[in-house]
Each structure stands twice: as C-alpha cells, then as structure tokens.
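Descriptive structure summary
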Amino acid sequence: MVRTRFAPSPTGYLHIGGVRTALFNWLFARRHGGRFLLRIDDTDQQRNLDEALPPILDGFRWLGIDWDEGPEVGGPHAPYFQSRRGARYETAVAELLARGAAYRDYARAEELQVEREAAERSGGAFVYSRRWMAETDEQAARFEADGRSCVVRLRMPRSGQCAFQDLIRGDVAFDWAKEQDHVVRRPDGTFLYHLASVVDDHDFAISHVIRAVEHLSNTPRQIFIAQALGYELPVYAHLPYVAEPGSQSKLSKRKIDKYLKNADFQKLYDHARSIAEKTGHAATPESFNPVLIEFYRAVGFLPDAIVNYLLLLGWSLDDKTEDFTRDEMIRAFDLARVTKSPASFDPAKLMAFQERYMRRVPIDSKAESMLDFVIRAGWLSGVDRDAELAKVRRIARAAGERIRVAGDVLQYDEFFVADDRLEYDEPAFEKRVSTGESKAWLKVFRGVLESVDPFEAPVVERALHAHLEETGRKIGQVIHALRIALTGKPVGFGMFDAMEILGRASCLARIDRAVARGHGEEVS
RNA sequence: GGCCCCGUCGUCUAGCGGCCUAGGACACUGGCCUUUCACGCCGGCAACACGGGUUCGAUUCCCGUCGGGGUCACCA
C-alpha cells in the first residue's frame, strides 16, 4: 500500500513550493491507489496553532488536494500533530539510548563552538569529540553536579558510507564520517524534527517519502535513526526545489522585493494589487505575496489552473501535453519523469494557464465568482442576488476573455457607478469629446437612441449604422466620443454590448452629462 | 570553505547514440482581423556551458573545467 505524506509546519502560509511538493505526494498516492496524509510538524513552534493551521488546510481544500488522514479528518494513527506525540518520541529516544545509538551529552554551547571553530581552522568537517558524553549514570551525575544540562545525541558511525536509492536522484551515497552527532532531544525534553519525522513516518506506515532536495543531505541521519530503531526504510524521492523567476535560487517568501524587479513578477503583482485594493484585502508582503497561495485566491485565480501549472514545474509527460484534468494527471503522474534540476517559477506562464482555464469556465459560474468580488468591493450589496447576478452575467458575457481572473471585473467600475459620478479619462475626453463636432454629434445621436427599441446591442448597432449612412460618417469618427461619454474610458467592451448593459436611461444621462461638461472641468 | 546536486531557447520542457539543419508551450516580436482594448489567425527571433575523450556517428556515454544551486542548528 502506497502511503505518502506532506508535513507542513503551521506557519499560517502555504508556499508555492510546498504546494508543489504536496501535489506530487498527492498525485503519487492517487496514482497508486494509496493514501495521502497530512501531518503537522509543530515540534518547535511557539506559534498559536489555532490560527496558523486553518489557512493551510483551507488552502489545500481550495486547491482540491484532499488528505485521507490528518488534521480534521483523523485516522487510525491519530494524532497527526507532532506536538502531541512527545510520549512516543520519548520511548524512541529511550530505545536509541538503550541500543547505544545515542548518548546523553553535557557539552555547553560555547564548548561546542570552540570545537567547531577549531575544525573550521583546520579545514576539516566538524566532528564532535564527545568529551562531554555521559555513557554511565555516574558520569551523568558528575556533569549534572557541574550544573550542566543534557541533550541526547545520535552516536553516528565514523566510517563507511550511507548509500541509498532515490527514485529521482538514483544512487546516492554520503560518508558517515561527515555526519555530525545530531541532537534528537533538547534539554527541556522536546524533540527535534529528524527524530520525530522518522518515528512518525514509521508509525504512519509511510511507504514513500517525497520531499524537496533540501532534505537530501538530512537523509543519512534519518536512515541512521530508522535503522537503529529497526524500522524498514521508506523509499525516498527528492524533488528539485522551485526556484526564483529567472534564477536557480530557491524561491523564498522573504525575497519578494527582489522578485518585484522581475518584469513579469511586477506585472502580476500590480495586477493583483489593483484588485486587492478595491476589495480592501490587506496588501502587506506578509499576507499578499505571490510566493504564497493565498495571493492567487485573493484575486480570483482558478485552483485548477494553479495546480496544472505547478504540475509542470519539474515534471512533464512528453514533448507536448500541457493540459491535464485531475484524472489525467493522476493517471499520467510518474516520479521517474520528475526533472533533477530546479524549475524557476514563471508568473507569466501561470497567467497563461489561468487564461486558458478561465476560457472554459461556464458563464454562470464565472459570473458567480465575479459577483463575489463586486460585493467585496462594495459596488453591489448582495441583497438581491438574482438581479445582481444577472447584471454581472451580462458583463461577463460582454467582457469575454478580458476577465482573466475573477477580480478583473473590478476594472469595469463604469457599469456600477451612478451616472453623475462617472469619472473620465481626461486626456481622452479632451481629445475625443471636447474637440470638433463631437458634442454636436452626441446630441444628435442621443435623439436616435431615444427611439431605439428594444434597447439591445444588435438593435442599437443597426440604428447607429443607419444613422451613419444617412449622415455620411464613418464609425471611427464618432464611436470614440461615444465610448468616452458613456464609460469615461478610451478602451473597453464592444460598444453596443456596453450600451445594452448600461441601459437606455444611463446612456442618455451620460451623454447629457458629457455634452454639458466643459473642457476638462466638472459642470455642476 | 567541506559535502552533495544540477547545467537544452529569456522561462517550463521533449530528447534516454543516428529520426535533431534540436520539437512543443509561455514570453518577446512582425503582420492580419477590428469601433477601442483584449481574443483569434499567420509569420519571426531564440538553446544543446566549455574542453577533452569513447564511437563510423554525440545534445545524448565517460573525464575535466567553468557556471549555478542546496546543505552544513539544541529550525523544519
């Protein structure tokens, strides 16, 4: 039975790279009819679990990455929180001690530091002298009388090699002598990650440990622990990490300022921020960061687009397939096809997937998600949802592919403001409405609009064309003035679609207002 | 610095000795379409890090160099 896990620490944030790792674990488990579990690595966190965990869980749920065992869903090996498994780790450490695979160590931090520096000076790897190791209770008592406290360290081999097979890296080997006597228990009785992780992986019957390469060099010490405890080893697979845009360095949530110098990143960020500003979403780097999944959710990305993009970061099926439904990716996923080199995160390509997926969203559900943003922005109340939805649906239809993320609806405030509150793009107004005979023409065309019936796009369009025919004008001569008078902007939807959405009354009122308006000044 | 890993277009990648004058996608770019903006359509630019081998033949195998990165905690 294949069993994989993803083990986040409860930081409150879901990192893009972490999601990719979780996704690969999930895919691998689903592919083999196994189980995917979530385990919370909170061995050393003072953070308040109660508020740091839900955002992570919500993030996974939103992405459609479900877990078979773990927080909230429970499971046969509960609890899935390392902070609640101390007793279990204690027995493991006792076993390690009993078997001579670990020892109590009474060294002080400064003493260790001296040895470390000496090793550095001589150019060799630091290997602890074990001078303050207590092998008997008597020795321990003596150190304690000195006021020393003890940690438990692994008694690592000092010769030979630790060799293992990695599903992605192939054969890997490390010299035992380069390994340190890692601490597994602190003086206060808490445990370190490596110990907890190995014990949990064993207890939870994890068959495949699929994680980022940063952990590759941690593997020997974990193998040492597992073997000392008589555990069967899981199969290891170390994924390349997700790199910065245009670089090979690991993507980090703290380096956002640096990434913003990348044009594509900047573009995505600005795009998202303009949406977030309108919805009042706090746009601090902590909460509003393109390295975190929450960022995409806050502006209306589609989870399927993100997952599909992430799937292709370090994995590919062949030389052309890019689109995968969940079922397709489950069927196709194969660790052997994971790349060895880091894949850099490309905001532009993510957006391309988003656009592609957005095209396939049925108009009704697109309108639903757009309406959420409109309500969040306070442009509609949400009280008469059916009527509001109908309006947003018309906008969605007219906007077509201009709506790339659901929050893009907030670019079209002209359909939500009162006629007398419409704002104009001043240079455009100057150029196309204030000059020549634009205003005179608008007045005339206003008369035409009054009698158009019904006030629907194709009818209005026919009326305009008939009018142009009679007066011998070309559409290009007048439509810009009309657009700016009605929407305040030089760009937008098809003119007639926009007019239908506005309705006759608004169109007339807006023409009146534009015509009455002076050169760039408000007429009251 | 020690140890380890990686190295095909700007980016994600295909390629597992001849199918490669290296394929696809994104980005960029020229044009078309068009009431604007998008979309769409047609076209273009663009890569095997370098040097040695092995071989009839290397992007593919080996070695070295260079470059990039990861990791060296009483963090996870």
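Residues numbered from 1 in each chain as written. Chains lettered and ligands numbered in written order. Predicted model: local features only at pLDDT ≥ 70, side-chain atom pairs only at ≥ 80, totals over all residues. Heavy atoms only, no water.

Right, let's talk about the pattern of salt bridges for a bit. Scanning the entire structure with this criterion turns up 47 salt bridges. Residue E69 pairs with R3 through a salt bridge whose shortest N-O separation is 2.9 Å. Here the residue E69 occupies a position in the loop between α2 (49-63) and α3 (86-98), and R3 occupies one in strand β1 (residues 3-6), the gap between them amounting to 66 residues. Taking relative accessible area as the criterion, R3 reaches 8% and is therefore assigned buried. Residue E426 is joined to R517 by a salt bridge in which the shortest nitrogen-to-oxygen separation is 2.5 Å. One end of the pair, E426, is in helix α16 (residues 426-434); the other, R517, is in the segment after α20 (495-516), with 91 residues separating them in the sequence. Residues joined by salt bridges that share partners form a network here, namely R5, R39, D41, R85, R88, D200, D201 and D203. (Salt bridge = Lys/Arg side-chain N within 4 Å of Asp/Glu carboxyl O. Helix = DSSP H or I, 4+ residues; strand = E, 2+ residues; numbered from the N terminus. Buried < 20%, exposed > 50% of the residue type's maximum accessible area, 1.4 Å probe, protein only.)

For the rest of this paragraph, the subject is the packing of aromatic side chains. Using the criterion set out here, one finds 24 aromatic pairs in the structure. When the ring of Y309 is compared with that of F345, the centres are 5.8 Å apart and the planes differ by 75°; the resulting orientation is edge-to-face. Here the residue Y309 occupies a position in helix α11 (residues 303-311), and F345 occupies one in the loop between β12 (343-344) and α13 (347-360), the gap between them amounting to 36 residues. Each member of the pair Y309 and F345 is classed as buried. Ring-pair connections join several aromatic residues into one group, and the members of that group are Y259, F265, Y309, F345 and F353. Residue placement shows R20 over the ring face of F24; its charged tip is 5.1 Å from the ring centre. Taking NZ or CZ as reference, K391 lies 4.9 Å from the ring centre of F416, over its face. (Phe/Tyr/Trp six-rings, centres within 6.5 Å; stacked < 30°, edge-to-face > 60°. Lys NZ or Arg CZ within 6 Å of the ring centre and 35° of its normal.)

Its 15 residues give helix α15 (residues 385-399) an end-to-end C-alpha distance of 20 Å, which sits within 8% of 21 Å, the value for a rise of 1.5 Å per residue. Those residues of α15 lying buried are E388, L389, V392, I395, A396, A398 and A399. At the exit of α15 stands G400, carrying a positive phi of roughly 55°. (Expected span 1.5 Å × (residues − 1).)

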